[in-house]
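Observations on chain architecture
Each chain, letter by letter, is given below.
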Amino acid sequence: MPEGPAPAPVTQRLRVRYAKRGRLRFTSHRDISRAVERAVRRAGIPVAFSAGFTPHPKISYTGAAATGTASEAEYLELGLTETRDPARVRAELDAALPDGLDILDVVIVPPGSGKPSALADRLAASEWRIRLDGVASDDAAAAVAAFMAAESVEVERLTKKGRRRFDARSAVSAMELDRRAAEAADAPCAILRMVVRHTTPAVRPDDILTGLRQVADLAPPSPPLVTRLAQGPLDADTGGLADPLGPDREITQPSGDDAGAARGPAHEQSGEAASADVVSARP
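Predicted model only: the values in this text are computed from it and were never measured. (Residues numbered from 1 in each chain as written. Predicted model: local features only at pLDDT ≥ 70, side-chain atom pairs only at ≥ 80, totals over all residues. Heavy atoms only, no water.)

This paragraph deals with the overall build of the protein. Each helix and strand counted, the protein has eight helices and ten strands in total. With 283 residues in all, the protein has 45% of them scored as buried. When the accessible surface of the protein is split by element, carbon and sulfur atoms take 51% of a total near 14,400 Å². (Helix = DSSP H or I, 4+ residues; strand = E, 2+ residues; numbered from the N terminus. Buried < 20%, exposed > 50% of the residue type's maximum accessible area, 1.4 Å probe, protein only. Areas by Shrake-Rupley, 256 points an atom, 1.4 Å probe, with all protein chains shown as cover.)

Structure (structure tokens):
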């Protein structure tokens, strides 16, 4: 057993939503976790550490997007040894991180609300935005229609367990062409938005693009720009995604000026994720 005093216990847990933007989308998850650890130290946030010979900060990540993918909805959880105002943590941690890693929201985890896996259980699906440069809107619309009309679209991908074949269609709750966004883009392109359930094995945006190529021969001339707009539970009434931090916020919502401080920056920075044009996931 290592000598010395036991590490200070966790007295507060915070759940954090952050964005991965611009060139930072090419950063690996390992490098992002290192950047977060450095930022936590630089900001003076009293993070707890694990016991043992190689203590690690108690920072856990849930549902991280793949390297090369931008995201407006990444999540992590911090275990702190002292109680901190979440709005203050949001501001200090955001200031300590490099441009392109932006803290959007911080909420207190209510005591007794379960392990960090409780957040992972809420992340049932993701909403994605895929920009296909050099693709005509009509061609993309025809491919989307063919894909959604298919009973199944089997694709093949090399995984850690070897080459696997699985149905990409069954994971897609909704997919549509965003003509308005394409018209406002700086170059000719087609923009797709889709809601994809989190399944095992995971169906990724590139799997769906493989499926579109299979059913309609849709082959973009350049690599797609992929952005995750949201993660969360599927709302049975609207077919969209609910806020995964909503249950925590409802229990611990501050009042007065603190409430405005906690909500304001998240809505100001959330960009595309705050758009009203959210794809509805319909059966």
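Next, the rest of the story.
Right, let's talk about empty space enclosed by the protein for a bit. Empty space among the atoms can be located by rolling a probe the size of a water molecule over them. All told, the structure shown has two cavities of 30 Å³ or more when counted by the stated rule. One number sums up the size of the second largest cavity: a volume of about 50 Å³. Forming the boundary of the second largest cavity are Tyr 18, Lys 20, Thr 27, Ser 28, His 29, Ile 32, Ala 64, Ala 65 and Glu 74. Sorting the residues of the lining of the second largest cavity by element identifies β1 (12-20) and α1 (29-43) as the ones contributing at least two each. Residue classes in the lining of the second largest cavity are distributed as four nonpolar, three polar and two charged. (1 Å grid on protein atoms, 1.4 Å probe; cavity = no way out; pocket = protein on both sides within 12 Å on 5 of 7 lines; lining within 4 Å. Points joined across faces, edges and corners; volume = space filled by probe spheres on them. Nonpolar A, V, L, I, M, F, W, Y, C, P; charged D, E, K, R; others polar.)

Bringing the packing of α1 against helix α2 (residues 86-96) into the picture now. Contact pair α1 / α2: the axes reach a minimum separation of 8 Å and the direction vectors enclose 120°. Our classification of the angle between α1 and α2 gives oblique. Relative to α2, the crossing made by α1 is right-handed. Residues Ala 39, Val 40, Arg 42 and Ala 43 of α1 pack against Glu 92, Leu 93 and Ala 96 of α2. When grouped by side-chain class, the residues that make up the contact of α1 with α2 number five nonpolar, no polar and two charged. (Axes fitted to C-alpha atoms, helices over the stretch in contact; angles between N-to-C directions. Parallel < 35°, antiparallel > 145°, perpendicular 65-115°, else oblique. Left-handed = near helix turned anticlockwise from the far one by under 90°. Contact = heavy atoms within 4.5 Å.)

The next thing to look at is the layout of surface pockets. Space inside the largest pocket adds up to approximately 910 Å³. Around the largest pocket sit 33 residues that line it, and Ala 66, Arg 157, Ala 202, Val 203 and Arg 204 are the ones nearest its centre. Going through the elements one at a time, β5 (125-133), β6 (154-159), β9 (189-197), α6 (205-216) and β10 (225-232) are the ones with two or more residues in the lining of the largest pocket. Ranked by residue count, the leading element in the lining of the largest pocket is α6, at four residues.

Confidence in the prediction of the protein, expressed as mean pLDDT, is 87, and 86% of residues score 70 or more. Under a pLDDT of 50 for its full length, residues 255-283 has, in the predicted model, 57 contacts with residues more than four places off or in other chains. (pLDDT = per-residue confidence, 0-100.)

Note on helix geometry: an α-helix contains 3.6 residues per turn, so any two residues three or four positions apart are oriented the same way. For α6, which comprises twelve residues, the first-to-last C-alpha distance of 16 Å matches the rise-based estimate of 16 Å (1.5 Å per residue) to within 8%. Among all positions in α6, only Pro 205, Asp 207, Ile 208, Leu 209, Gly 211 and Leu 212 are buried. (Expected span 1.5 Å × (residues − 1).)

To continue, consider the pattern of salt bridges. Scanning the model with the defined rule gives 21 salt bridges in all. Ionic pairing is found between Glu 74 and Arg 228, a salt bridge with its closest N-O pair at 2.9 Å. Here the residue Glu 74 occupies a position in strand β3 (residues 70-80), and Arg 228 occupies one in strand β10, the gap between them amounting to 154 residues. On the basis of relative accessibility, which here comes to 2%, the residue Glu 74 falls in the buried class. On the basis of relative accessible area, Arg 228 is assigned to the buried category, the value being 5%. One salt bridge in this structure joins Glu 156 and Arg 163, with 3.7 Å as the shortest N-O distance. Here Glu 156 falls in the partly exposed class, since its relative accessible area comes to 42%. On the accessibility criterion, Arg 163 (53% relative accessible area) is exposed. One network of salt bridges, in which partners are shared, links Arg 13, Arg 15, Glu 77, Arg 122 and Asp 248. (Salt bridge = Lys/Arg side-chain N within 4 Å of Asp/Glu carboxyl O.)

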